[in-house]
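For reference, the chains in residue letters:
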Amino acid sequence: MKTRHFAPVLLAAALAGCGQRSEQDLLAAAQKRMDQKDTAGAVIELKNLLQQNGYNAQARFLLGKALLDSGDLAGAEIELRRASELGTPPDELVPLLAQTLLNSGQSRKLISEFGEQKLANPQAMAALQRQLALAYLAQGHLDQAKEASAQSLQLAPDSEEAVVAGARVKLASGAADEALAALDGLLQRAPKSAKALLLKGEVLLSRGKPADAEPLLQQVLALDAANLDARSLLVRLAFGRQQVEAAAKLVEDMPPAVAKKPQGRFLQAQVALAKGDAAKARELAQPLLKAMPNYLPLLRLASGAHQQLGELADAENLLNQALKLAPEDTSLRRQFAGLQLQRREPAKALETLRPVVEGGKADAETLLLAGKAQLMQGNFEAADQAFGGAAKLRPDDAKTQAALALAAIVRDSATPGGGGRAKADAAIVQLRELAAKDVGSNYDLMLVNTLMRRQDLPAALAAIDKLEPKMKGSPVPDALRGRIQLVRKDTAAAQAAFETALKADAGYLPAVLGLVAIDMQAGRGDAAVKRLENFVATQKAVPQARLALADLLVQTKAPVERITEVLANAVREEPTEASLRLALVDHYLRLGDAVKAGQAAQEASAALPLNADLLERLARIQLATGDKAQSAKTYTRLTALAPSRAQGWLGLAQLRFVEQDYAGAEREVKRALEAEPGSVAAQRLLITLAVRQGRVDEALATLHERQKKSPQEAYAFIAEADIELGRQHMDAGIAALRKAIQLRDPGDAPARLFAALLAAKKRDEALAFEAQWQAAHPQDANFAATVADVTLARGDVEGALARYEVLLKRSPDAIPLINNVAWLRSKTGKPGARELAERGLKLKPDDGALRDTYATVLANEKQFDKALSVQRQLIADQPDQPSYKFNLAQILIQSGDKASARTELEALSRLGKKFPQQKDVDALLKTL
């Protein structure tokens, strides 16, 4: 008997036909489950059907409806749009899709897509107009909301939903009595209308009657325990009363099916955040963001969780996404500006608040934020104006009074000795009065901080004594005492205070860091490291402690491998902590290990794909290592991820600049400035591009405008000096630099002024300025080092050596200084070059520049064999540094081995432009 063989496909089809239900059976089963409120079961039935036939429009439509009912708004939108593509009638589909867009916070999208939509079915059109009315309300368009609501009621006058939507529009327009009358009329006809009861509760809450609203909301839950809106309002009511446990009980009492819905998870995340468990809130929010990526309350909550955890870049990305969805939302702009101020980005904060402030709609909170941003930028007049505006709106508010007081104090700190001293003293008295009246601790802490900054330490200690009863059981007062005692050099009292703080809270890092500082002052570096290591071992999830440990190891000159181990372990143990990953990447960059830095950045970006800081590091490393194509892709990803940040656009601009595509670079820079109008880097590049393309007057006009807007910013004056000096207008350039050095933070203007004076052949004036600046700023090591570098660059070897020697006395273990002094001593024939180089190599045996100098020093002492051995070993260790091969050729010439020198020089000559010292190579070859 022969065996029969079926084709595999035919056999599979036959087997499927035997046990598989028809599409109609699956549709009927899904509809039945939906009627029974079993949305999960309906979803399974419909997905099984769509596996058989993905083009079944009715299945797509029902799946979208089921997903909407289950709270999967993103999935619902996808399926409903697929149903539309497959021909589902608009009358059936559009109202449901509109509801999905509205529920997911996409009111602008709903209006733009369906604002002009016409439907044949009156009930469908009424439903659409109802959704549009609520969307217009969300966008603040009250007139359009009234019109849409009226149309909805006209088309369906008996519709419960239309009446409730109309009442909501009346409420928003200020006609709360009319809204209540409409709702009461509906409740007379339908006393168990959950929607009417819910909105009536909202109206009463808006009128400040929570006691009347709460029974109505409880009644809604009694009618429908699954009603998430009523539960959410009751949770919000509990939060407003500071009853976190009551809110938690409401969330715990959710039916299991409701608790599993995205909105139920959202309530759980809200409670977690309110309880201070930001990590749990973040954990709950992350999967919700996939299901409801455009839900504004969720974006706010997730951002708040990241902010509490110190993950400011992630918080910023989420708020930026929210602001795109609701650019007119004033409270959202305030939240975003507050985050930007926390990141010390006042220019960004002002830009975020600008539409509200310039639109004349700014409330007191907005003006307070704007004033703080102006204060951080040193724009005192603008700060006073903003704070004054807030005070007019809320004249008796303690926040505005405190803001005005702080403005006076900061102004006096910026220009001490001026007429503002009396105002600052009066402001401190005002802060004391505010602190005395307030049962909380905020104003006391502001007062303590102010007094510490003024160095009025006895008064600060007295203020802490008054703060302590308000923060009973907290480690903060004792930790503050410890800081003050450290400044007073009372080490014993400081140690006692920090130890007392740790008894109150063993996990309080500032107190541990205070004790570490005491150890370091006493020269007990090992003890300091051990103390911090023990803290890290016992306190989990404190990334700041791990970062502090890495910094401490750098200070105590621990082996590089140990620092790498600490940061790598930190990343392994806390893989979602962006600050640790950034620290590891930056550590490798400092070591000059671009390969490991790139690998760490790649892993970090894969682990935290929404972190813009990590993506920026990756792009920068790719650019630095010559991978322009990949860098361009990464910078493009960055612009999509964080379009409100300048870095992505700037990276693309730099790539185009390198390729000499100046027009393209300018386009990208302008996009960067649209994202961050205050970006110094973007302004600098735009000015450079203008100069490069011959538009010098335009560049100067831009700088002069910036100087007016930000008179305390040194950059604009320095950039102006660069332009003027570049076109040999020496006096104009020097004048601009003189303006810059008068500012609080002059940057590198002092060193630039010294160099400009020398270039203008004003040597005596340059030396006089050097002496004057160093006398007034003895701790400005950067100025002294740059002056030494400039002196050497201008050929004054003796002058450079004298300056480097002074710097070396201040920092005897600084390898760059050891290198420079050893080389200059050898060059000028002064003793001690070899001993100094050898001491440096004991400190850092692998330093290539110092090994190169050591070989030169040995050659100058006629120890050619040892010099050649040192230099050849250096080249073997670092073969990609042609400058070391050039020095080898020079040593060979000194030793008399001209043939070997020629071989080295000819090899360098073949490198062409890859070795910039080709003129020196040619000159030496001619001598052989």
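Placed above this text is the structure.
Anyway, here's the lowdown on the structure attached to this text. (Residues numbered from 1 in each chain as written. Predicted model: local features only at pLDDT ≥ 70, side-chain atom pairs only at ≥ 80, totals over all residues. Heavy atoms only, no water.)

Of regular secondary structure, the protein chain possesses 55 helices and zero strands. The buried share of the protein chain, reckoned over its 928 residues, is 48%. A sequence separation of at least 24 residues applies to 48% of the contacts in the protein chain between residues at least 6 apart. Only carbon and sulfur atoms are counted for the fraction: they give 52% of the accessible area of the protein chain, which is about 45,900 Å². (Helix = DSSP H or I, 4+ residues; strand = E, 2+ residues; numbered from the N terminus. Buried < 20%, exposed > 50% of the residue type's maximum accessible area, 1.4 Å probe, protein only. Contact = heavy atoms within 4.5 Å. Areas by Shrake-Rupley, 256 points an atom, 1.4 Å probe, with all protein chains shown as cover.)

What follows covers the environment of Leu584. When you line up the elements, Leu584 lands in helix H35 (residues 578-590). On the accessibility criterion, Leu584 (9% relative accessible area) is buried. When near neighbours in sequence (up to four residues on either side) are disregarded, Leu584 contacts Thr564, Leu567, Ala568, Val571 and Ala600.

The next thing to look at is the nonpolar core. Residues Leu110, Leu128 and Leu298 are the most contacted members of the largest nonpolar core, which totals 71 residues. Listed in part, the 61 residues of the second largest apolar core include Leu434, Leu451, Tyr508 and Val516. (Core = buried A, V, L, I, M, F, W, Y, C linked by side-chain atoms within 4.5 Å.)

With that settled, the discussion passes to the environment of Glu574. Turning to its location among the elements, Glu574 is positioned in the loop between helix H34 (560-573) and H35. For Glu574, a relative accessible area of 11% corresponds to the buried category. In sequence terms Glu574 and Val542 are 32 residues apart; their C-alpha atoms lie 9.2 Å from each other. Apart from the residues lying within four places of it in its own chain, the contact partners of Glu574 are Ala541, Val542, Pro543, Arg546 and Leu580.

Enumeration according to the criterion identifies 46 salt bridges in this entry. The closest approach of N and O atoms between Glu79 and Arg82, which form a salt bridge, is 3.2 Å. Residue Glu79 and its partner Arg82 are located together in helix H5 (residues 73-85), separated by three residues, close to a single helical turn. On the basis of relative accessible area, Glu79 is assigned to the buried category, the value being 9%. A residue is classified by how much of its surface remains accessible, and Arg82, at 37% relative accessible area, is partly exposed. Residues joined in a network through salt bridges with shared partners are Glu77, Arg81, Lys109 and Glu113. (Salt bridge = Lys/Arg side-chain N within 4 Å of Asp/Glu carboxyl O.)

This next bit is on helix H54 (residues 898-909). Spanning 12 residues, H54 covers 16 Å between terminal C-alpha atoms, matching the ideal 16 Å at 1.5 Å per step. Residues of H54 that are buried include every one of Ala901, Leu905 and Leu908, and no others. Axial view of H54: buried residues confined to an arc of 55°, hence all on one face. Residues of H54 that are buried make contact with helix H53 (882-895) and helix H55 (918-927). (Expected span 1.5 Å × (residues − 1). Arc of directions from axis to C-beta.)

Listed in full, the buried residues belonging to H55 are Gln918, Val921, Leu924 and Leu925. All buried residues of H55 project into a common sector of 125° when viewed along the axis, lining one side. Turned more than 90 degrees away from the buried face of H55 sit Lys919, Lys926 and Thr927, all of them exposed. Looking at the buried side of H55, the elements it contacts are H53 and H54.

Below, the discussion takes up the packing of aromatic side chains. Overall, the coordinates contain six aromatic pairs when judged by the stated rule. Taking 6.0 Å as the distance between ring centres and 50° as the angle between the ring planes, the aromatic pair formed by Phe886 and Phe915 counts as tilted. Of this pair, Phe886 sits in helix H53 while Phe915 sits in the loop between H54 and H55, and the two are 29 residues apart along the sequence. Linked through ring pairs, Phe769, Trp773 and Phe783 together constitute an aromatic cluster. (Phe/Tyr/Trp six-rings, centres within 6.5 Å; stacked < 30°, edge-to-face > 60°.)

Along the chain, the position of Ser605 falls in helix H36 (residues 594-607). Take Ser605: its relative accessible area is 5%, and that puts it in the buried class. In contact with Ser605, not counting residues within four places along its chain, are Leu615, Leu618 and Arg637.

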